[in-house]
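A structural walkthrough
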Amino acid sequence: MRKKVDFLVIGTGIAGLSYALKVAEHGSVCIVTKAVMDETATRYAQGGIAAVMYHPDTYEKHIRDTLIAGDGLNNEKIVRITITESTERIKELIAWGAEFDRTSTGKYDLGKEGGHSEYRVLHHKDNTGFEIQRALISQIAAHPNIEVLEHTFALDIITQHHLGEEVTRHRNDIECYGAYVLEIPTNTIHTILAKTTMIATGGAGNVYAVTTNPTVATGDGIAMIYRAKGIIENMEFIQFHPTALYNPGEKPSFLITEALRGFGAVLKNAEGEEFMHKYDKRLSLAPRDIVARAIDNELKLSGSEFVYLDCRHLDKNELITGFPTIYAKCLSIGIDITRDMIPVVPAAHYTCGGIKVDEYARSSITRLYASGECASTGLHGANRLASNSLLESVVFSHRAFVDAIEKIKTVEFREDVPEWNAEGMVLNEEMILITQSLKDLQSIMSSYVGIVRSNLRLKRALDRLEILYRETEDLYNKSILTVKLCELRNMINVAYLIIKMAQQRKESRGLHYSLDYPEANAGKNGNKIGN
Ligand code: FAD
Ligand code: SIN
């Protein structure tokens with residue numbers, strides 16, 4: 001199949017769908033997703049979406065909280081844009097049908113999470129993402145200009161490289177003409193030519209053994225753009241959520257929202273004693289990097305495999321009505337959160353860095369936008385403030401829309417793009433080569449590139465990754481492509497970027513903590529690979 005569209009969108013989370021709905025008023029749209037439309041990180045978001053809604057909150061307060069969490073590495077201009085446009089974008093989500101909880105007076109019932117100085121998190125019980133995804137999908141389904149291709153895996157974006165030109169990182173005129181995609185059920189590779197392409201492929205939590213991310217979060221977009229010689233930045237800043245449910249063997253890990261701590265739940269060690277006062281005066285509601293590191297330290301001191309989150313002192317009815325998903329999930333494994341403490345551990349949760357974009361979500365490659373978790377706008381700096389990511393997605397998808405509808409007026413389809421060449425490839429019948437390499441990768445990243453790092457650990461990680469890289473490239477170059485093989489290759493690519501950027505950062509900063517640089521340093525620039 002060879003298809004031509006004005007707007008190609010890769011990914012069906014909040015970033016891809018909110019963008020698609022807007023551009024669809026101006027041309028033809030094709031959205032591809034490697035799974036079904038609602039299998040996204042967006043769907044699992046619990047706590048909510050941060051936005052300034054009422055007095056006493058102000059844009060300045062939200063801006064300040066975001067900058068403090070980001071540990072001096074945020075781009076302040078981008079922070080101001082995001083926060084001051086938050087209220088408008090929330091109104092749009094509501095107009096599309098997303099419902100957020102209200103108090104008895106009719107005002108939105110705003111929650112609080114770590115690092116926020118005010119109540120400003122709009123939520124729908126403890127399943128906000130599910131509600132937003134539901135509303136967006138119902139709008140998408142009704143739109144005549146939008147075609148959705150499920151079970152369609154984007155392999156690579158198309159650039160001059162595919163037309164036989166040499167494309168290096170030193171070129172600043174790289175263009176994107178669409179993407180090669182694999183129709184999974186038939187194992188056929190198609191060419192989608194597009195005037196503009198939006199990458200909204202989400203994060204990369206599956207690079208680690210324990211993650212809250214759904215299995216689709218394998219960093220494909222980031223790897224694709226790195227291969228296409230686009231600029232990637234700040235990959236060392238991987239956010240570990242402090243409180244994933246400790247339930248060995250369950251993948252992905254079930255999240256226990258930070259909003260529960262905002263509601264009054266308290267962290268306790270294996271002996272049932274509070275410990276956060278040893279680490280930060282904001283206690284259980286300190287920013288995530290601090291809480292995750294504190295838990296990591298407590299686990300190392302005690303030798304325990306988890307700490308506890310204690311809700312037993314909270315109002316039972318409010319707890320069950322406000323957090324029904326968590327209540328039901330815990331009960332299903334024998335934990336009654338009104339009577340028992342919840343065992344929790346940190347888990348890889350959010351990729352702060354990614355494809356570098358500007359204030360209109362434009363990547364370093366012309367005709368190519370990126371939004372959502374795969375993008376690096378400069379909003380989060382060295383550590384994302386809770387519930388700022390859904391917000392970032394809608395703000396930058398909107399800004400990409402503003403730019404893209406002008407862009408398509410001046411660009412033409414590139415007709416001379418060849419079909420994907422799959423000649424000579426053979427079926428790899430040994431799945432074990434892929435599954436074992438994935439386990440090895442996750443183990444390397446969790447052991448050496450987790451919450452606490454050191455120069456020696458990073459070097460060891462890179463040395464071991466090198467072997468996996470060579471073996472996987474070898475397999476990729478001779479095999480008929482499968483999703484599992486491509487995802488593994490992408491995750492190795494992303495792991496490489498995390499390790500390299502961590503090695504380049506000669507300081508402890510935000511989410512990147514190194515034993516070799518225990519004192520936090522005040523540097524100015526983020527970390528880039530690609531220019
Ligand atoms: P996603 O929603 O992850 O969507 C990515 C899409 O890309 C999927 O459709 C996927 O199938 C597709 N895709 C990926 N690779 C390919 C490929 N190669 N080809 C085709 N399709 C592909 N943030 C908040 O602000 N508030 C919260 O309360 C919150 N809670 C969270 C709870 C959990 C458990 C998790 C995991 C995250 C949470 N986050 C939260 C983070 C937030 O949910 C994500 O950052 C955000 O939803 C990302 O949206 P996205 O559109 O960028 O990507
Ligand atoms: C949570 O609900 O704790 C997750 C919020 C987020 O990741 O922003």
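What this report covers is the structure whose coordinates are included nearby.

Conventions adopted
Residues numbered from 1 in each chain as written. Chains lettered and ligands numbered in written order. Predicted model: local features only at pLDDT ≥ 70, side-chain atom pairs only at ≥ 80, totals over all residues. Heavy atoms only, no water. Phe/Tyr/Trp six-rings, centres within 6.5 Å; stacked < 30°, edge-to-face > 60°. Helix = DSSP H or I, 4+ residues; strand = E, 2+ residues; numbered from the N terminus. Lys NZ or Arg CZ within 6 Å of the ring centre and 35° of its normal. Buried < 20%, exposed > 50% of the residue type's maximum accessible area, 1.4 Å probe, protein only. Contact = heavy atoms within 4.5 Å. Arc of directions from axis to C-beta. Near = heavy atom within 4 Å. Polar contact = N/O pair within 3.5 Å; in protein donor to acceptor, adjacent residues only side chain to side chain. Areas by Shrake-Rupley, 256 points an atom, 1.4 Å probe, with all protein chains shown as cover. Nonpolar A, V, L, I, M, F, W, Y, C, P; charged D, E, K, R; others polar. Salt bridge = Lys/Arg side-chain N within 4 Å of Asp/Glu carboxyl O. Pairing = 2+ DSSP bridges. Axes fitted to C-alpha atoms, helices over the stretch in contact; angles between N-to-C directions.

**Points about the packing of aromatic side chains**
Throughout the structure, instances matching the rule amount to six aromatic pairs. Centre to centre, the rings of Tyr 180 and Trp 420 are 5.2 Å apart; their planes meet at 75 degrees, and the pair counts as edge-to-face. With Tyr 180 in strand E7 (residues 178–183) and Trp 420 in the loop between helix H12 (388–407) and helix H13 (432–448), this residue pair connects regions lying 240 residues apart in the sequence. For the ring pair Phe 306 and Tyr 308, a centre distance of 5.4 Å and an interplane angle of 70 degrees mean the geometry is edge-to-face. Chaining the aromatic ring pairs together yields one cluster made of Tyr 246, Phe 306 and Tyr 308. A cation over an aromatic ring shows up here: Arg 489 above the ring of Tyr 476, its NZ or CZ 3.6 Å from the ring centre.

**Points about unusual backbone geometry**
The omega torsion of the bond from His 55 to Pro 56 falls at 10 degrees, within 30 degrees of zero and hence cis. Inspection of the secondary structure assignment puts Pro 56 in the loop between strand E3 (49–50) and helix H3 (59–69). The backbone phi angle of Asn 187 is positive, close to 55 degrees, even though this residue is not glycine. Backbone geometry at Ala 361 places phi at a positive 65 degrees, although glycine is not the residue there. Tracing the chain through its elements places Ala 361 in the loop between strand E14 (354–356) and strand E15 (368–370).

**Brief notes about helix H11 (residues 324–332)**
By the burial criterion, the buried members of H11 are Ile 326, Tyr 327, Lys 329 and Cys 330. Check the buried side of H11 and you find it contacts strand E10 (238–245), helix H8 (259–262), helix H10 (316–322) and strand E13 (342–351). Positioned one or two residues after H11, Gly 334 has a phi angle of 85 degrees, which is positive.

**With respect to H3**
What H3 keeps buried is the set His 62, Ile 63, Asp 65, Thr 66 and Ala 69. For H3, the angular spread of buried residues about the axis comes to 165 degrees, placing them on one side. Check the buried side of H3 and you find it contacts E3, helix H4 (76–84) and H12.

**Notes on the site of ligand 1**
With respect to spatial proximity, 38 residues lie near ligand 1, and among them Thr 12, Thr 42, Gly 48, Glu 373 and Ser 389 are the closest. In the model, an oxygen atom of ligand 1 is placed 2.5 Å from a nitrogen or oxygen of the Thr 42 side chain. At 2.9 Å from an oxygen atom of ligand 1 is found a main-chain nitrogen or oxygen belonging to Gly 47. Protein coverage of the free-state accessible area of ligand 1, which is 1,000 Å², stands at 98%. Looking at the shell around ligand 1, its residues break down into 14 nonpolar, 19 polar and five charged.

**Quick word on the site of ligand 2**
Around ligand 2, the neighbouring residues are Gln 46, Gly 47, Glu 113, His 241, Leu 255, Thr 257, Glu 258, Arg 288, His 349, Arg 384, Ala 386 and Ser 387. For ligand 2, whose free accessible area comes to 260 Å², the fraction covered by protein is 93%. Taken together, the residues of the shell around ligand 2 break down into two nonpolar, six polar and four charged.

**With respect to the pattern of salt bridges**
One pass over the structure, following the stated rule, counts 43 salt bridges. Measuring nitrogen to oxygen at the nearest pair gives 2.4 Å for the salt bridge that ties Glu 419 to Arg 2. Highlighted residues: Glu 419 in the loop between H12 and H13 and Arg 2 in strand E1 (residues 2–10), separated in sequence by 417 residues. Arg 2 sits in the partly exposed class, given a relative accessible area of 36%. In this structure, the salt-bridge partner of Lys 22 is Glu 92, at a minimum N-O distance of 2.6 Å. Note that Lys 22 is positioned in helix H1 (residues 14–23) and Glu 92 in helix H5 (residues 86–95), a separation of 70 residues in sequence.

**Some thoughts on the sheet that holds strand E12 (residues 307–310)**
Pairing within the open sheet is antiparallel, and its four strands lie in the order E10-E13-E12-E11. Each edge of the open sheet carries a strand with a single partner, namely E10 and strand E11 (266–268). Neighbour to neighbour, the strand axes of the sheet diverge by 45 degrees on average, direction disregarded.

In short, the description is geometric, and any link to function would need to be established separately.
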